[in-house]
Amino acid sequence: MRWETVIGLEIHAQLDTRSKIFSGASTDFGADANRQASAVDLGMPGVLPVLNREAVQCAIKFGLATSAEIGRRSVFARKNYFYPDLPKGYQISQLDHPIVGAGEVLVTLDDGARKAIRLTRAHLEEDAGKSLHEDFQGLSGIDLNRAGTPLLEIVSEPDMRSASEAVAYARTVHALVRYIGICDGNMQEGSFRVDANVSVRLAGESALGTRTEIKNVNSFRFLERAINLEVQRQIETLEDGGAVVQETRLYDADLDETRSMRSKEEANDYRYFPDPDLLPVVVTQADIDAVAERLPELPEPRRQRFVDTLGVTDGDAALLVLERDLADYFEAAVAAAGTDGAQSVANWLLNDLRARLDKSDLALAACPVTAVELGALVRRIADNTISGKIAKQVVDVIWEDGGSVDAVIEAKGLVQITDTGAIETLVDDAIDQFPDQVEAYRGGKDKVLGFLVGKVMQASKGKANPGTVNQMLRDKLSRD
Amino acid sequence: MTLTGMRDALAAGDFSSVELTDALLERIAARESELNCFVRSCPERARAQAEAADAARAAGTGGPLCGLPVAHKDLFCTRDLITSCGSRMLADFAPPYDATVVAKLDTAGTVTLAKANMDEFAMGSSNENSFFGPVRNPWDPDRVPGGSSGGSAAAVAAQLVPAATATDTGGSIRQPAAFCGVTGIKPTYGRVSRFGMVAFASSLDQGGVVARDAADCALVLQHMAGFDPRDSTSIDRPVDDYLAALAATGDKPLEGVRIGLPEEYFSVELDPAIGDRVVAVATELEALGATRVSVSLPHLSLALPAYYVVAPAEASSNLSRFDGVRYGHRCDDPKDLLDLYTRSRAEGFGEEVKRRILVGTYALSAGYFDAYYVKAQKVRRLIANDFSEAWTHCDLILGPVAPSTAFRLGEKSDDPVAMYLNDIYTLSANLAGVPGLAMPCGFVDGLPVGAQLLGPHFSESRLLATAHHYQQRTAWHLERPAAFR
């Protein structure tokens, strides 16, 4: 490959606080326009911002979760520009002294390799409002419900070398902010927005090429698509002898292209200066300790623990820790099943149950099979009370009617037949009934054994232990 | 009659708050047009408040300022009552909230008679920059009352109200108080809430009061000051008992107080006749037991340039919200967004405001930020250090308020720098955040002269007590303009 791609991401995570970052107005999504905008959010004359401490705690949480430096004295600055949905004519943000400094996020790439992506910083800022151009003939409407919503802008170093690495990083950050409970991650509602800085350079060069910024991509699929398109465009431009222009570009999913929004020359001079209405935010060690106490075990150490002490495969462990409630459910089920059943629990959870949940469009919290019951199910398979196939029937019943694993096994008479005498009778019957197949098997057609096992299982209504049936058939057919 | 006198008369039942209110509203109606010191009076609101005050007094539930009339500078937001800030931009703006200062005084029982005229967005030293026309000085209607709280000071001097709220960003309480012969105090930065005070320069703005004498200032400030959780720069510290601090102790109440006269305050720019009046104050204070020491504020000459970087820089940002989109003035038939912004702002703001927005925008621009804004903040630190050093030698600083007495209307309008020089003695207190008080100390050519007292952070009690003792001994503060006796 002659060209190397260099990508850095800026992620805006909307913090899951009850009220806005500088006012007491609610942050709930979906209210009628301007119903959640106080005088402060409207930038009315004389009103003043008061910092929401909860937003600071969210930022500290993120800093701790990414092994970042926590700014002990961070400063809010004003970023000045005119826009109709920016009520004060400036956005309160952080420039020189952000709340979170350099950190790191460990990302699992598609091939299973792990890569550390460095974070430059993460800073607090307020969101702007929204301009509405539909519904207003020749006019624009302004909805300031979103104005003043707290955002954490997470800025990475240009450490990613492909669109798929960028997506893996974005997904990891997405999972992390949800995991530590600071952002709901809802991309449709704009709670998690990604800007990608993309440049290319000849392989082996150390200087960065001219970058373009792709703004506000609202899905991981589009992110990958947009970056790949942009990389291709830049390479073609350079190979044609042209130059990449530093500019902001927009990804249009309908046309599947990126196009220029504004060039560097048109960019604003934001005239940043420290906001005189807000004092510097001083964070003490005690503040950090208090947040650390409320931080859950983080995904990466938890993943490692699942592999090391529970024997779960690398791939499954990585999937389990993507969502905190999934990992919590898993651990609760393992507690009921016993550590030996951990991989089996993982299989059931990641395959059978997840497929059922998706199909029914249910959240894990609403899963009819509780973690304790999944644990019981795995235990009953392990102690040969039921087969895996019967277990699926048990889950079917619980999914429809509820109940516990043991109660369903009991009520439906699903206990596996492990009595060899009873199984022997059924095996002998099968051998008698299907002489042709017996002949074929003895003639070397091994596949026929499956047919005979199936018939025995059918005769037992699925309750015979398939392992025992299998073994017994082999023994009998070879002995004679 | 002073505010304190009215308080006692109301308590004694000599007259009711409604009678007092009606009398003052009548005087305002008869005389206000000579001075243009109010943007509007609010008789209905005033009568309702006065009736409520009388009822509360009868019920024994009246607040400490029950039924006392005041005016509010028109940048303090008053709920449902137009708050124009002296600007066309806000000529029809009725805020849905009260400024904390207004709410606190309302709670204490005051009656709001009127909103005081002011330089547009508090930018000015002469009160000629109001959209509602200039205010005239009651001592000489051809002269300015000082700015930007000129409406407040002129109204008190003309006895249209006994006290008025005011704000001081670079001297806007002290200089008009001096020009109009009344007493005014700018408290420590953060002592009085800025919530609901339309911002000019956030790090310098401070609300305060002008009244007839120091005792009246103490009475009002007592109920204006205090921590406000809605203002992050407000300071969470109990308010001193200012009235108790006025109580005299013997005939040498200023025993042990060291008064510093900075050499830099008596420079060539100062009218020597004013210098003489200020030095005479020192003599009086010595008679009250104080000692006079020499101090220095070596960076005084840098205060003016630093101020005229910081204040416009903050103003340019604070005034961005006036864009014609949400409230206030909007131009007719804008053809696009840029047209909406530029014409609304061009029509809504006056010349001085535009000048400062431009200066401030320039000072914050990429490439100039370090040379101007950052440098000015460094100067600010030096000036604060000068004061800290001075407080190791003295307890209070005494100096003039302004280099001249009230000048003629239009005299400096074409020369902004000459106008800005008027603030040379006042604005370093804003840069350092220290409190300052202006009080009448004599006359030059028939016009009032003011003396300025500055003190360390939170020394309001000492400033008020010192002025009060001086006023117990002298009669300058009792003089009234002939036309308004």
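Residues numbered from 1 in each chain as written. Chains lettered and ligands numbered in written order. Predicted model: local features only at pLDDT ≥ 70, side-chain atom pairs only at ≥ 80, totals over all residues. Heavy atoms only, no water.

Colleague: Looking at this structure, how should I read the overall build of chain B?
Modeller: Per the secondary structure count, chain B includes 16 helices and 11 strands. Taking 485 residues into account, the globule formula puts the C-alpha radius of gyration at 23 Å, and chain B, at 21 Å, falls close to it. Taken over the C-alpha atoms alone, chain B extends approximately 70 × 55 × 45 Å along its principal axes. The 485 residues of chain B split such that 64% are buried. Within chain B, contacts between residues separated by at least 24 positions form 76% of all contacts whose residues are at least 6 apart in sequence. Carbon and sulfur atoms make up 54% of the accessible area of chain B, which totals about 16000 Å². Of the charged side chains in chain B, 44 are positive and 58 negative; the average position of the first set lies 2 Å away from that of the second. (Helix = DSSP H or I, 4+ residues; strand = E, 2+ residues; numbered from the N terminus. Rg over C-alpha atoms; globule rule 2.2 N^0.38 Å. Buried < 20%, exposed > 50% of the residue type's maximum accessible area, 1.4 Å probe, protein only. Contact = heavy atoms within 4.5 Å. Areas by Shrake-Rupley, 256 points an atom, 1.4 Å probe, with all protein chains shown as cover. Lys, Arg positive; Asp, Glu negative; His and termini not counted. Charge placed at Lys NZ, Arg CZ, Asp CG, Glu CD.)

Colleague: How should the nonpolar core be read in this particular structure?
Modeller: Most often, soluble globular proteins have nonpolar side chains that are buried together. Counting residues in each nonpolar core, the largest one holds 154 residues, and the members touching the most others are Phe38(B), Phe121(B), Leu285(B) and Leu398(B). Among the elements that take part in this core, helix α10 (residues 300–318) of chain B stands out by supplying 10 residues, more than any other. Setting aside residues up to four positions removed in sequence, Phe38(B) forms contacts with Ile28(B), Glu32(B), Ala71(B), Ala114(B), Lys115(B), Ala116(B), Asn117(B), Ala155(B), Leu160(B) and Val161(B). Ranked by size, the runner-up nonpolar core spans 68 residues in total, among them Ala65(A), Ile154(A), Val173(A) and Val281(A). (Core = buried A, V, L, I, M, F, W, Y, C linked by side-chain atoms within 4.5 Å.)

Colleague: Mind showing me how you'd approach the environment of Arg178(A) here?
Modeller: Residues and elements named next belong to chain A. Tracing the backbone through its elements, the reader meets arginine 178 in helix α2 (residues 163–179). With 290 residues separating them in the primary sequence, arginine 178 and threonine 468 have C-alpha atoms 47 Å apart. With residues up to four places along the chain from it excluded, the contact list for arginine 178 reads Cys183, Asp184, Gly185 and Glu323.

Colleague: Sorry, what's going on with the interface of chain B and chain A here?
Modeller: For an interface, size is often stated in terms of accessible area lost upon the parts coming together. Taken together, the contact pairs 38 residues of chain B with 32 residues of chain A. With both chains or domains summed, chain B and chain A bury close to 2700 Å², and 60% of this area falls on carbon and sulfur atoms. When the buried area of chain B at its contact with chain A is split by residue, Ser232(B), Arg321(B) and Arg326(B) rank highest and sum to 22% of it. Here chain B is connected to chain A by one salt bridge. Taking the shortest distance from any N to any O, the salt bridge between Asp277(A) and Arg194(B) comes out at 3.1 Å. Among the elements of the structure, α10, α11 (337–348) and α12 (351–364) of chain B are those that each provide at least two residues to the side of chain B that touches chain A. Tallying contributions element by element places α10(B) first for the side of chain B that touches chain A, with four residues. (Buried area = accessible area lost by both parts, 1.4 Å probe. Salt bridge = Lys/Arg side-chain N within 4 Å of Asp/Glu carboxyl O.)

Colleague: Looking at this structure, how should I read the layout of surface pockets?
Modeller: Think of a ball as big as a water molecule: rolled over the atoms, this probe shows where empty space is left. Approximately 1200 Å³ is the volume found for the second largest pocket. Forming the walls of the second largest pocket are 41 residues, and the residues nearest its centre are Pro274(A), Pro276(A), Pro280(A), Tyr373(B) and Gln377(B). Those elements that provide at least two residues to the lining of the second largest pocket are β14 (273–274) of chain A together with α13 (370–390) and α15 (427–432) of chain B. Of the residues forming the lining of the second largest pocket, the biggest block, five residues, is contributed by α13(B). (1 Å grid on protein atoms, 1.4 Å probe; cavity = no way out; pocket = protein on both sides within 12 Å on 5 of 7 lines; lining within 4 Å. Points joined across faces, edges and corners; volume = space filled by probe spheres on them.)

Colleague: Hey, could you run me through the environment of Arg292(B) in this one?
Modeller: Residues and elements named next belong to chain B. Tracing the sequence through the fold places arginine 292 in strand β8 (residues 291–295). For arginine 292, a relative accessible area of 38% gives the class partly exposed. For the pair arginine 292 and alanine 282, spaced 10 residues apart in the sequence, the C-alpha separation amounts to 7.1 Å. Leave out the neighbours within four places in its chain, and arginine 292 touches Ile259, Leu261, Val279, Ala282, Thr283 and Glu286.

Colleague: Sorry, what's going on with the confidence of the model for chain B here?
Modeller: Within chain B, residue pLDDT values average 97, and 100% of them lie at 70 or more. Reported confidences for the modelled complex are a pTM of 0.90 and an ipTM of 0.96. (pLDDT = per-residue confidence, 0-100.)

Colleague: Please explain empty space enclosed by the protein as it appears in this structure.
Modeller: One pass over the structure, following the stated rule, counts six cavities of 30 Å³ or more. Reported here for the largest cavity is a volume of approximately 190 Å³. Taken together, 22 residues line the largest cavity, and the ones lying closest to its centre are Val47(A), Leu48(A), Lys88(A), Tyr90(A) and Arg321(B). Taken together, the residues of the lining of the largest cavity break down into 13 nonpolar, four polar and five charged. Lining the second largest cavity are 14 residues, with Ala122(B), Gly124(B), Ser172(B), Tyr307(B) and Asp423(B) positioned closest to its centre. (Nonpolar A, V, L, I, M, F, W, Y, C, P; charged D, E, K, R; others polar.)

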